[in-house]
Amino acid sequence: MEILGNVAGARVLDLGCGSGGNLAHLVELGAEAVGVDISPVQIAKARGRWPYLDVREAAAEDFLSAQKEKYAAIFSVFGAAWFTDPAVLLPLVSARLAPGGVFAFSHNPPALAGCYGLQASQIQPPGKGAEPLYVKRWDYEPQAWVVTLERAGFTNVTAEVIAPPTGKRIGTLLVRGIA
């Protein structure tokens with residue numbers, strides 16, 4: 001709630017909801033929440049764990065393009081905001097946020113020094129001997145994210161790297177802006 005604000009009674013959208021843990025938490029806080037994920041496996045997990053969740057299988061940009069509704073908050077925890085071209089995603093998010101609505105996303109690890117912009121990320125699929133998969137992701141330093149969101153029309157933008165827990169090597173990038 002310190003990032004998204006009071007969600008009780010608010011329409012909230014989770015881009016890249018995965019198995020639905022964050023979405024379920026917001027529903028328990030009283031949000032009218034929708035989750036979107038491109039993975040049928042993750043959507044099935046979310047439906048299996050929390051049958052009451054409104055989760056949809058779709059790419060974030062496709063879902064946002066088809067929407068007419070406005071949301072009080074749109075967020076992405078290690079999800080679609082990291083794996084979707086910001087030049088495509090940010091205008092769509094901005095168009096679906098109610099005035100004063102919050103957009104927040106996080107990813108981990110933060111950008112590695114010198115590795116900025118479009119990067120390739122390896123994902124190891126389950127199963128012994130399975131070939132690794134590669135996806136695109138967008139990495140920027142915090143200040144570059146601030147500028148990117150401001151150019152897309154967001155205000156009061158903040159971006160910071162949250163220190164890792166004791167004994168861990170990497171922190172988490174947290175970005176937040178207001179429509």
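Below or above, wherever it landed, is the structure these notes cover. This one's a predicted model, so the numbers in the text were calculated from it and none came from an experiment.

Some details on the overall build of the protein chain
Along the backbone of the protein chain there are 6 helices and 9 strands. Taking all 179 residues of the protein chain together, the buried fraction comes to 43%. Split by element, the accessible area of the protein chain, about 9400 Å² in all, is 55% carbon and sulfur.

Brief notes about the nonpolar core
Counting residues in hydrophobic clusters, the biggest one holds 26 residues, and the most contacted among them are Leu-13, Leu-15, Ile-74, Val-93, Phe-103 and Leu-149. Core analysis: the second largest hydrophobic core is formed by 20 residues, Trp-50, Ala-73, Phe-75 and Ala-104 among them.

Comments concerning the pairing of strand E3 (residues 54-57)
Looking at chain direction, strand E2 (residues 32-37) and E3 are connected through 4 bridges and run parallel. For Asp-37, the partnering residue across the bridge sits in E3 and is Glu-57. Crossover connection from E2 via helix H2 (residues 40-49) to parallel E3: handedness right-handed.

Regarding the pairing of strand E1 (residues 11-15)
Within E1, 5 of the 5 residues are buried, which leaves it mostly tucked inside the rest of the structure. Residues Arg-11, Leu-13 and Leu-15 of E1 are buried on one face, and the alternating residues Val-12 and Asp-14, pointing to the opposite face, are buried as well. Examined bridge by bridge, E1 and E2 share 5 bridges and lie parallel to one another. Looking at E2, one finds that Leu-13 is bridged to Val-34. Once you follow E1 into helix H1 (residues 21-28) and on to E2, the crossover reads as right-handed. Bridge count between E1 and strand E4 (residues 71-77): 3 bridges; the pairing is parallel. Opposite Val-12, over in E4, you have Ala-73 as the bridge partner.

Some words on the pattern of salt bridges
Considering all chains together, one arrives at 3 salt bridges under this definition. Between Arg-11 and Glu-32 there is a salt bridge; the shortest N-O distance is 2.7 Å. Of this pair, Arg-11 sits in strand E1 while Glu-32 sits in strand E2, and the two are 21 residues apart along the sequence. Notably, a salt bridge pairs Arg-56 with Asp-54, separated by 2.8 Å at the nearest N-O pair. Judged by relative accessible area, Asp-54 falls into the partly exposed class, the value being 29%. Through salt bridges with shared partners, a single ionic network connects Arg-11, Glu-32 and Glu-69.

Considering the side chain of Thr-84
Among the secondary structure elements, Thr-84 is positioned in the loop between helix H4 (80-83) and helix H5 (86-96). Not counting residues up to four positions away in its chain, the partners in contact with Thr-84 are Glu-61, Leu-89 and Trp-138.

Some remarks on the packing of aromatic side chains
Taken as a whole and assessed by the stated rule, the structure comprises 5 aromatic pairs. Arranged with centres 5.7 Å apart and planes meeting at 35°, the rings of Phe-103 and Phe-154 form a pair that is tilted. Remark: Phe-154 occurs in the loop between helix H6 (142-151) and strand E8 (155-162) and Phe-103 occurs in strand E5 (residues 97-107); sequence separation between them is 51 residues. Phe-103 sits in the buried class, given a relative accessible area of 0%. Centroid distance Phe-105 to Trp-145: 4.9 Å. Interplanar angle 75°. Geometry classified as edge-to-face. Of this pair, Phe-105 sits in strand E5 while Trp-145 sits in helix H6; the two residues are 40 residues apart in sequence, bridging distant segments of the chain. Note on accessibility: Phe-105 and Trp-145 belong to one class, buried.

Some remarks on the environment of Gly-18
Within the fold, Gly-18 resides in the loop between E1 and H1. Distance in space between the C-alpha atoms of Gly-18 and Gln-42 is 5.0 Å, their sequence separation being 24 residues.

Rules and cut-offs
- Residues numbered from 1 in each chain as written.
- Predicted model: local features only at pLDDT ≥ 70, side-chain atom pairs only at ≥ 80, totals over all residues.
- Heavy atoms only, no water.
- Helix = DSSP H or I, 4+ residues; strand = E, 2+ residues; numbered from the N terminus.
- Buried < 20%, exposed > 50% of the residue type's maximum accessible area, 1.4 Å probe, protein only.
- Areas by Shrake-Rupley, 256 points an atom, 1.4 Å probe, with all protein chains shown as cover.
- Core = buried A, V, L, I, M, F, W, Y, C linked by side-chain atoms within 4.5 Å.
- Pairing = 2+ DSSP bridges.
- Right-handed = clockwise from strand over helix to strand, strands pointing away.
- Salt bridge = Lys/Arg side-chain N within 4 Å of Asp/Glu carboxyl O.
- Contact = heavy atoms within 4.5 Å.
- Phe/Tyr/Trp six-rings, centres within 6.5 Å; stacked < 30°, edge-to-face > 60°.

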